[in-house]
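The residues making up each chain are set out below.
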Amino acid sequence: MTDRNTPIVIPLIDQRLASLPIPASAFSTAIRLDANDLLVDTRQRPLRDLRISVTDRCNFRCNYCMPKEIFDKDYAYLPHSDLLSFEEITRMAKVFVAHGVQKIRLTGGEPLLRKNIERLIEQLSELRTLDGRPLDLTLTTNGSLLARKAHALKAAGLQRVTVSLDGLDDAVFRSMNDVDFPVSAVLAGIEAAQAAGLGPIKINMVVKRGTNEHEILPMARRFMGSGIVLRFIEYMDVGATNGWRMNEVLPSAEVVKLIHAELPLVQLDPTQPGETAERWGFANAAGQHDPAKGEIGVISSVTQAFCGDCNRARLSTEGKLFLCLFAAQGYDLRSIIRANDSDTDLSAAITHIWQGRTDRYSELRSALAPDAGAGVRRVEMSYIGG
Ligand code: SAM
Ligand code: SF4
Ligand code: SF4
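The residue numbers shown here count from 1 along each chain, following its written sequence. Think of it this way: whatever chain is written first is A, whatever ligand is written first is 1, and the rest follow in order. This being a predicted model, a pLDDT of at least 70 is required before a residue's local features are given, and a value of 80 or more before pairs of side-chain atoms are given or counted; all residues contribute to the totals for chains, interfaces and linings. Excluded from the side-chain calculations are hydrogens and water; all other atoms, namely the structure's heavy atoms, are used.

*Asks:* How should I be thinking about unusual backbone geometry in this particular structure?
*Replies:* Keep in mind that most residues, glycine aside, have a negative phi and that most peptide bonds are trans. In this chain, G199 is followed by P200 through a cis amide linkage whose omega measures 0°. Here P200 is to be found in the loop between α5 (183-196) and β6 (202-207). Although it is not a glycine, Q44 adopts a positive phi angle of roughly 65°. Here a helix means four or more residues in a row that DSSP labels H or I, a strand means two or more in a row labelled E, and each is numbered from the N terminus. The topology assignment puts Q44 in the loop between β1 (19-20) and β2 (49-53). A positive phi angle, close to 60°, is found at D178, a residue other than glycine. With respect to the helices and strands, the residue D178 is situated in the loop between α4 (170-177) and α5. For D178, a relative accessible area of 25% puts it in the partly exposed group. Here's how the labels work: a residue is buried when its accessible area is under 20% of the maximum for its type, exposed when over 50%, partly exposed in between, all with a 1.4 Å probe on protein chains only.

*Asks:* Quick question: what am I supposed to make of the site of ligand 2 here?
*Replies:* Whether a residue is near a molecule or strand is decided by its heavy atoms; if any one of them lies within 4 Å of it, the residue is near. Taken together, C58, F60, C62, C65, M66, G109 and N142 make up all the residues around ligand 2. Partitioned by chemical class, the residues of the shell around ligand 2 number five nonpolar, two polar and no charged. Amino acid classes used here: Ala, Val, Leu, Ile, Met, Phe, Trp, Tyr, Cys and Pro are nonpolar; Asp, Glu, Lys and Arg are charged; the rest, including Gly, are polar.

*Asks:* For this particular structure, what's the right way to read α4?
*Replies:* Along an α-helix, residues three or four positions apart point the same way, because every turn accommodates 3.6 residues. Here α4 has its buried residues at V172, F173, M176 and N177. Seen from one end, α4 has its buried residues packed into an arc of 120°, which puts them on one side. Contacts were defined at the residue level, with two residues in contact if any of their heavy atoms lie within 4.5 Å. Looking at the buried side of α4, the elements it contacts are α5 and β6. We call two N or O atoms a polar contact when they sit within 3.5 Å, provided that within protein one can donate a hydrogen and the other can accept it, with sequence-adjacent residues counted only if both atoms are side-chain atoms. With a side-chain oxygen lying 3.1 Å from the backbone nitrogen of A171, the N-terminal cap of α4 falls on D169. Just downstream of α4, D178 is the residue with a positive phi angle, here 60°. The directions from the helix axis to the C-beta atoms are what the arc is built from.

*Asks:* What is the right way to look at the site of ligand 3 in this model?
*Replies:* Neighbouring ligand 3 are F306, C307, C310, R312, R314, C324, L325, F326, R357, D359, Y361 and S362. When residues of the shell around ligand 3 are traced back to their parent elements, those giving at least two are β11 (312-315) and α10 (361-366). Residue composition of the shell around ligand 3, grouped by class: seven nonpolar, one polar and four charged.

*Asks:* How should I be thinking about the packing of aromatic side chains in this particular structure?
*Replies:* Aromatic rings considered in pairs are described by the distance between their centres and by the relative angle of their planes. Ring geometry is summarised as follows: Phe, Tyr and Trp rings, the Trp one being its six-membered ring, pair when their centres sit within 6.5 Å, and such pairs are stacked at plane angles under 30 degrees, edge-to-face over 60 and tilted between the two. Taken as a whole and judged by the stated rule, the model has five aromatic pairs. On the numbers, 4.8 Å between centres and 65° between planes, the contact of Y75 with Y77 is edge-to-face. Of the residues examined, Y77 reaches a relative accessible area of 16% and is grouped as buried. An aromatic cluster is present here, built from F60, F173 and F181 joined pairwise through their rings. Only Lys NZ and Arg CZ are tested; either one counts as a charge over a ring when it is within 6 Å of the ring centre and within 35 degrees of the ring normal. A cation sits over an aromatic face here: K208 above Y235, 4.8 Å from the ring centre.

*Asks:* Explanation requested: the pairing of strand β4 (residues 136-141) in the structure shown.
*Replies:* Remark: a regular strand shows side chains that alternate across the two faces of the sheet. Here β4 lies mainly inside the structure; five of its six residues are buried. Strand direction decides the pairing type here: strand β3 (residues 103-107) and β4, joined by four bridges, are parallel. Bridged to R105 within β4 is T138. Here a strand pair is declared whenever DSSP counts at least two bridges between the two strands. Pairing analysis gives four bridges linking β4 to strand β5 (residues 160-164), with the strands arranged parallel. By the bridge assignment, T138 is partnered in β5 with R160. For the handedness criterion, the strands are oriented away from the viewer, and a crossover whose path from the first strand over the helix to the second runs clockwise is classed as right-handed. Where the polypeptide runs from β4 across helix α3 (residues 146-156) and back to β5, its parallel neighbour, the crossover connection is right-handed.

*Asks:* In this structure, what is going on with helix α9 (residues 344-355)? I would like to understand it.
*Replies:* Take the number of residues in a helix, subtract one, and multiply by 1.5 Å to get its expected span. If you check α9, its first and last C-alpha atoms are 17 Å apart, about what 12 residues at 1.5 Å a residue would give, namely 16 Å. Among all positions of α9, only L346, A348, A349, I350, T351, I353, W354 and Q355 are buried. For α9, the secondary structure elements touched by its buried residues are α1 (86-98), β11, β12 (320-322), β13 (330-332) and α8 (334-339).

*Asks:* Please explain the pairing of β6 as it appears in this structure.
*Replies:* Extensive coverage of β6 is indicated by the burial of five of its six residues. In terms of strand pairing, β5 meets β6 through three bridges, oriented parallel. Considered in β6, the bridge of T162 is made with K202. Taken together, β6, helix α6 (residues 216-223) and strand β7 (residues 229-234) form a β-α-β motif whose crossover is right-handed.

*Asks:* Would you mind going over empty space enclosed by the protein with me for this structure?
*Replies:* If a probe as big as a water molecule is rolled over the atoms, it shows which places are left empty. Whether a set of points on the 1 Å grid over the protein atoms alone is a cavity depends on a 1.4 Å probe fitting there but being unable to get out, while an open set qualifies as a pocket with protein on both sides within 12 Å along at least five of seven lines; lining residues are those with an atom within 4 Å of a point. Grid points are joined across faces, edges and corners, and a volume is the space filled by probe spheres set on the points. Across all of its chains, the model carries two cavities of 30 Å³ or more by this definition. Approximately 40 Å³ is the volume attributed to the largest cavity. Residue lining of the largest cavity: A220, F223, M224, G225, S226, I228, L230, F282, K293, G294, E295 and I296, and that is the complete set. Elements with a contribution of two residues or more to the lining of the largest cavity: α6 and β10 (295-299).

*Asks:* I would appreciate a short explanation of the side chain of E88 in the present structure.
*Replies:* Looking at the secondary structure, you find E88 in helix α1. Engagement of the side chain of E88 in a polar contact is seen with the backbone nitrogen of S85, the distance being 2.9 Å. With sequence-adjacent residues up to four places away left out, E88 is seen in contact with L83, I337 and R338.

*Asks:* What exactly am I supposed to notice about the nonpolar core here?
*Replies:* Proteins that are soluble and globular tend to have nonpolar side chains buried together. By nonpolar core is meant a set of buried Ala, Val, Leu, Ile, Met, Phe, Trp, Tyr and Cys residues that side-chain atoms within 4.5 Å join together. Counting 111 residues, the largest nonpolar core has I104, L106, L165, F232, I259 and L333 as the members making the most contacts within it. Discounting chain neighbours no more than four positions away, the residues touching L165 are F173, V183, V186, L187, I190, I203, N204, M205, M219 and F223.

*Asks:* How do you make sense of the pattern of salt bridges when you look at a structure like this?
*Replies:* Note that side chains of opposite charge can pair when their charged atoms are close. Each reported salt bridge corresponds to a side-chain nitrogen of Lys or Arg within 4 Å of a carboxyl oxygen of Asp or Glu. The tally for this structure, following the rule as stated, stands at 20 salt bridges. The salt bridge partner of D49 is R51, with a shortest N-O separation of 3.4 Å. An identical accessibility class is assigned to D49 and R51; each is buried. One salt bridge connects E118 with K149, and the closest N-O pair in it is separated by 3.3 Å. Of this pair, E118 sits in helix α2 (residues 117-125) while K149 sits in helix α3; the two residues are 31 residues apart in sequence, bridging distant segments of the chain. You can call K149 buried: its relative accessible area is 19%.

This is the structure in structure tokens:
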């Protein structure tokens, strides 16, 4: 029997090298659409949200994502020729949009490290959804380069940003990013994003029990009434290198309870289907939501599965399509576009792959032992994007 306290040692196999085969039948399959004419998967989930990782590199070494011991100077990042070019990303995005995608999030690694990212944003901002609207175009960043880039990003057509920030205490923040990066520079980035009109801004705080739970209340106090939506994310068993353990997860229910005890909260309805965060509004003296005080979100990826309406696809830095954040392998779409001038095969491949999608990792994990997710081989979050 495995002792739950004994770390499981998994041989590191580079999951990036493997791809799932796209069967030849993909190119002759009839398309299955729902009542709204949308492409749906085996669980009737439409394809609405595409997250594109534009680099596997990062200037932080957050211990829950890119631990220093693994992502050291010898780590083999993807060579530049393996990355999708901006033209290739835009070409792919266009076909995804034709299949129902309405929202595109650029991520990484640290997306602002990708040179001339503004040019990609300019190209993506030209795309229109099936009903002719501009895309919901956003980007998740660690904020380190935001003060410098906020205006250019806005001018290029970016609508809003999500900034990751795990605490306000400088020592805690420096130790979590593990490169001694000061919190003041990220706060300056957030202010620059606000001034540039990149809102509504969201802030993601990963909560790790024993590391930064004492930062929950200071963060809630700081951003209440600021127009910024602070979201608390349960520390997840993504990738295979962060040494994840269930006892370091602080359930979102506890986060809500802690905040509610000092700053009363009321639960709010979701704004749209497939939303990852559960919404809680700050209440007024009458116990009703006070819009001036704003809201928080909790993302309970570990304690409360939300696969039922998951409409998210992920495109890795080198053009592999992943159907779930916890997938071990993706489908190589880059080879299709590099081999074809026309998008017919790419479109057929996306249709076939999405139609066959069965993924629901979080639901399956909740039926397993608490630490069942530990050490399982999966792609890293820095490669697939959050
Ligand atoms: N570098 C950018 C950043 O940090 O915002 C974008 C990429 S990062 C992989 C995307 C999001 O994933 C961040 O908000 C980060 O906090 C979150 N994340 C990374 N590893 C995580 C983990 N093990 N559990 C929960 N969230 C995680
Ligand atoms: Fe970098 Fe973002 Fe991962 Fe932190 S969470 S190491 S900032 S990619
Ligand atoms: Fe979607 Fe996979 Fe997360 Fe479930 S576990 S919500 S299918 S990404």
